[in-house]
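# Structural characterization, general
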Amino acid sequence: MNTKDIKALLDRYFEAETSLEEEKTLRQYFAGGDVDAELKPYASMFGYFAQEAAITTEKDFLKGLDSQTHTQASGSSKVISMRRWVQMAAAASAIFLASFLVVKYMIPQEESTNLSQTTAANYVEVQDPEEAIEYTEDAIRILAQVFKTSEKQLESGMERIDNTPVIGAQ
Amino acid sequence: MQNDKIIKEVMKYKDKLYRFALKLLGNDLDAEDVVQEVFVKVWQKSDQLDAIDNKQAWCMTVTRNLAIDKIRGRKAVMSGSVDDYHFISDKNPTPDIITEDRENLSIVMKTLDGLPEHQKEIIHLRDVEGYTYKEIADITGYSEDQVKVNLFRARQKLKHELRNFTY
């Protein structure tokens, strides 16, 4: 196919009038490495599409399917990758650390002892990841509340500092 | 076994599912999660799937729906870097040709990134995966006319941007 034919085909391509077969002809022309100078900008476009089409995955979906189907015989399922497990574990560790710091430094000792006893009495072992996320979200909400209160106290303190007259100021 | 037969068939186009999920999500781990979820659904619904003529289109639709669930509320997905692509338009490239190709590729990627999501999706299904208008309509839920109009607009945008770029 000569350059004139390719240009005509390209015009129809941009009008979304080409068939799949004609689009294949265009792809082959632009992949051939002998592109007319005037048409070079379009070569990058077809080259990009060709490289996108060559993307593959090496993941073994059958392996993942085995573990999913063995653990979930029926009903809806949700796939959670290892990365998300790590994220959840990191979130849980952060919550645990923050809770420990709150109990140790922000709550008076007597109250803290009572809280520990209450916590131990209410201890629940969570197996379901979805439920674990819910518990984590609740804990985050409580922590956010604590931080909000502290933030308000800080703001009020800052306001008082701002309003304090400075000796020697003009 | 029915399940095995259908899973074997779906394995043939796992890369298409992965590329589509990757295009919508812009992240390989999320894309793999989505494809894994498609396989689970195929496994669970293998009895019903037997009655579906175009199983590939069905799997692409499931991939799309799962990916859309995942991206809800996220920022727009951007293509990778120009450095991820190695394309040279000439058999005997000079440094100038290599530079021009990279600049053109950059324009193509920026233009595609700037398209509305549905146009990105349609141009991917047509120009990367080679689906017919009818198949794209089946996968996306748009009418064939909408598919054609949006493909036209996306390609016109690319043409305009590439033509306006002069060295």
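Worth saying up front: this structure is predicted, and the values here are computed from it rather than measured.

The rules we used
Here the residue numbers are simple positions, counted from 1 along each chain's written sequence. Written order determines the labels here, with chains lettered from A and ligands numbered from 1. In keeping with the model being predicted, local features are shown solely for residues with a pLDDT of at least 70 and side-chain atom pairs are shown and tallied solely at 80 or more, while totals for entire chains, interfaces and linings include all residues. Only heavy atoms go into the side-chain values, all of them from the structure, while hydrogens and water stay out. A run of H or I in DSSP counts as a helix once it spans at least four residues, and a run of E counts as a strand once it spans at least two, with each numbered from the N terminus. Relative accessibility thresholds used throughout: buried, under 20% of the residue-type maximum; exposed, over 50%; partly exposed, between the two (1.4 Å probe, protein chains only). Note on definitions: a residue-residue contact is assigned when non-hydrogen atoms from the two residues lie within 4.5 Å. Each accessible area is a Shrake-Rupley result for a 1.4 Å probe, and residues are judged covered by the shown protein chains and nothing else. What we call a nonpolar core is a set of buried Ala, Val, Leu, Ile, Met, Phe, Trp, Tyr and Cys residues that are connected through their side-chain atoms within 4.5 Å.

### Observations regarding the overall build of chain B
When its secondary structure is counted, chain B shows 9 helices and 0 strands. For chain B, the sequential pattern of α-helices and β-strands runs α-α-α-α-α-α-α-α-α. The burial tally for chain B puts 49% of its 167 residues in the buried class. If you take every contact in chain B between residues at least 6 apart in sequence, the share linking residues at least 24 apart comes to 68%. By element, 49% of the accessible surface of chain B is carried by carbon and sulfur atoms, the whole surface being about 8200 Å².

### Notes on the nonpolar core
With 64 residues, the main nonpolar core has Leu-10, Phe-30, Met-45 and Phe-49 of chain A as its most contacted residues. Each residue touching Phe-49 of chain A, except ones within four places of it in the same chain, is listed here: Tyr-13 of chain A together with Leu-112, Ile-123, Asp-127, Val-128 and Leu-158 of chain B.

### Observations regarding unusual backbone geometry
Residues and elements named next belong to chain A. Not every positive phi belongs to a glycine, and Ala-16 is a case in point at roughly 60°. Following the sequence through the fold, Ala-16 ends up in the loop between α1 (3-14) and α2 (20-31). A residue is classified by how much of its surface remains accessible, and Ala-16, at 1% relative accessible area, is buried.

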